[in-house]
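# Breakdown of the fold
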Amino acid sequence: MRVLLTGVSGYVGGALVPRLLDDGHELVGVSRDPSRVPAASRDPSRVPTALRDPSRVPAALRDPSRVQPVLPVRRADLVTGVGLREAMEGIDVAYFLIHSMEASANGAFPARERTAAENFAAAAGRAGVRRIVYLGGLLPAQGSPSRHLASRLAVEEILLGASPSSVALRASIVIGARSRSFRFLVRLVERIRVMVLPAWHNNRTQPLDERDMIEFLARAATAPEVAGLSLDIAGPDVLSYREMIERIAEAMLIYRPALRVPLSVTPVASRVAAAVAGEDPELIEPLMESLETDLLARDDRARQLLGMHLHSFERAVDHALRDWEATEELVAR
């Protein structure tokens, strides 16, 4: 299959590259600015032969931002549509792995995401792309979704309408060394001596190991059983946000007493938490809004249809922290 990857300079796209190459796919990357894609991905002469095979990369170097297999990168802007027609030529499967929650969007990320999805779907349709694979977010079983999740749902509906065999995967928090959600939680545990837990701390979700997320995405490219479906991909453990924080702290070998606040206080809490973690508040606030309800998988179909075996939360956290420490220091450890 000839596979197109958006977001190839980011966390998910970069991690997916070696897995798709393992399946023998021919890959093409897409980026608004190809210079942002690591040089190792674009220039074979910059990559030692031993590092072109992901299985031979030493554990200390398994960082998708530093070492990636080589692939061509086409310039295209999904929001303006410039370059998309050319990027889609000859593509069988296209991955939509970008989100528009940057501060530069001035709070208008839903409109940007919708425009990008519409341009992507139209270009895929014109090029005869067989399948689009999209990674979105789990939705609450009751009540209205947050801005963040409502935007993901709108994008999903647009992309599924582009081809009858397209597939959407919905995930909650991904546990991985380069997952911004996980890094945010680790930085809070590391830097705050007393954890202030808002009213939503008992809400539950199903965090997913990044290795399982990548495997779900890779298998979704060709599996006929998932054509046209929207599937929830979730880890095997149901945890409250409080339990997640406590278990991450335990894995980091530290203790953090908790102060429970009987209010949501998301607007204020998100800005304080973003400042502590060194994150962008324009990203953190819509993410924290998503925590105000349970976010659980509707069913287990994705695991069954794609034949997956899943990692536990403890194994996911242990792997993520070890991966983190291979390239960065964790002060608390």
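Because the structure is a prediction, the values reported are computed rather than measured.

Moving on: the overall build of the chain. In terms of helices and strands, the chain carries 12 helices and 13 strands. Sorting the 333 residues of the chain into buried and exposed places 52% on the buried side. Restricting to contacts in the chain with at least 6 residues of sequence separation, those with at least 24 account for 81%. If you sum the accessible surface of the chain, you get close to 14,600 Å²; carbon and sulfur atoms cover 52% of it.

Bridging between strand 1 (residues 2–5) and strand 2 (residues 26–31) involves 4 bridges; their strand directions are parallel. Paired with Leu4 across the two strands is Val28, which belongs to strand 2. One crossover worth recording links strand 1 to the parallel strand 2 by way of helix 1 (residues 11–22), and it is right-handed. In terms of strand pairing, strand 1 meets strand 4 (residues 93–96) through 3 bridges, oriented parallel. Of the residues in strand 4, the one forming a bridge with Leu4 is Ala94.

This next bit is on the side chain of Glu215. Tracing the backbone shows Glu215 in helix 7 (residues 210–220). For Glu215, the side chain forms a polar contact with the side chain of Arg19, separated by 2.8 Å. Sequence-distant contacts of Glu215, defined by excluding residues within four places in its chain, comprise Arg19 and Met308.

What follows deals with the nonpolar core. Residues Ile175, Phe182, Val186, Ile248 and Met252 are the most contacted members of the largest nonpolar core, which totals 38 residues. Taken together, the elements giving at least two residues each to this core come down to helix 6 (180–191), strand 8 (195–197), helix 8 (241–251), helix 9 (266–277), helix 10 (281–289) and helix 12 (313–325). Contact partners of Val186, with chain neighbours within four places excluded, come to Ile248, Met252, Leu321, Trp324 and Leu330. Core analysis: the next-biggest nonpolar cluster, separate from the first, contains 36 residues, Ala15, Leu27, Val167 and Ala218 among them.

Once that is clear, we can look at the pairing of strand 2. Counting buried positions along strand 2 yields 5 of 6 residues, so the element is predominantly enclosed. Both strand 2 and strand 3 (residues 73–75) contribute to a ladder of 3 bridges, which runs parallel. By the bridge assignment for strand 3, Val30 is matched with Arg74.

Contact geometry of helix 6 with helix 12 gives a least axis separation of 12 Å together with a crossing angle of 80°. As far as their axial angle goes, helix 12 and helix 6 are roughly perpendicular. On helix 12, the residues touching Phe182, Arg183, Val186 and Arg187 of helix 6 are Val317, Ala320, Leu321 and Trp324. Here the residues of the contact of helix 6 with helix 12 are counted per class, giving 6 nonpolar, no polar and 2 charged.

Turning next to the packing of helix 1 against helix 7. The interhelical angle for the contact between helix 1 and helix 7, taken along N-to-C directions, is 65°, at an axis separation of 10 Å. Where helix 1 crosses over helix 7, the two elements pack in a sense that is right-handed. Seen from helix 1, the contacting residues are Tyr11, Val12, Ala15, Leu16, Arg19 and Leu20; seen from helix 7, they are Glu210, Met213, Ile214, Glu215, Leu217 and Ala218. Of the residues that constitute the contact of helix 1 with helix 7, the class distribution is 9 nonpolar, no polar and 3 charged.

Counting buried residues in helix 7 gives 9 out of 11 residues, a clear majority hidden from the surface. Among the residues of helix 7, Glu210, Asp212, Met213, Ile214, Glu215, Phe216, Leu217, Ala218 and Ala220 are the ones counted as buried.

Quick look at the environment of Leu97 now. Within the secondary structure, Leu97 is located in the loop between strand 4 and helix 4 (109–127). According to the relative accessible area criterion, Leu97 is buried, its value standing at 12%. The sequence separation of Leu97 and Tyr11 amounts to 86 residues, and the corresponding C-alpha distance is 9.5 Å. The residues contacting Leu97, other than those within four sequence positions of it, are Leu5, Thr6, Gly7, Val12, Gly13, Leu16, Leu135 and Leu217.

Definitions and cut-offs
Residues numbered from 1 in each chain as written. Predicted model: local features only at pLDDT ≥ 70, side-chain atom pairs only at ≥ 80, totals over all residues. Heavy atoms only, no water. Helix = DSSP H or I, 4+ residues; strand = E, 2+ residues; numbered from the N terminus. Buried < 20%, exposed > 50% of the residue type's maximum accessible area, 1.4 Å probe, protein only. Contact = heavy atoms within 4.5 Å. Areas by Shrake-Rupley, 256 points an atom, 1.4 Å probe, with all protein chains shown as cover. Pairing = 2+ DSSP bridges. Right-handed = clockwise from strand over helix to strand, strands pointing away. Polar contact = N/O pair within 3.5 Å; in protein donor to acceptor, adjacent residues only side chain to side chain. Core = buried A, V, L, I, M, F, W, Y, C linked by side-chain atoms within 4.5 Å. Axes fitted to C-alpha atoms, helices over the stretch in contact; angles between N-to-C directions. Parallel < 35°, antiparallel > 145°, perpendicular 65-115°, else oblique. Nonpolar A, V, L, I, M, F, W, Y, C, P; charged D, E, K, R; others polar. Left-handed = near helix turned anticlockwise from the far one by under 90°.

Interpretation note: all reported values are geometric properties and have no functional meaning in isolation.
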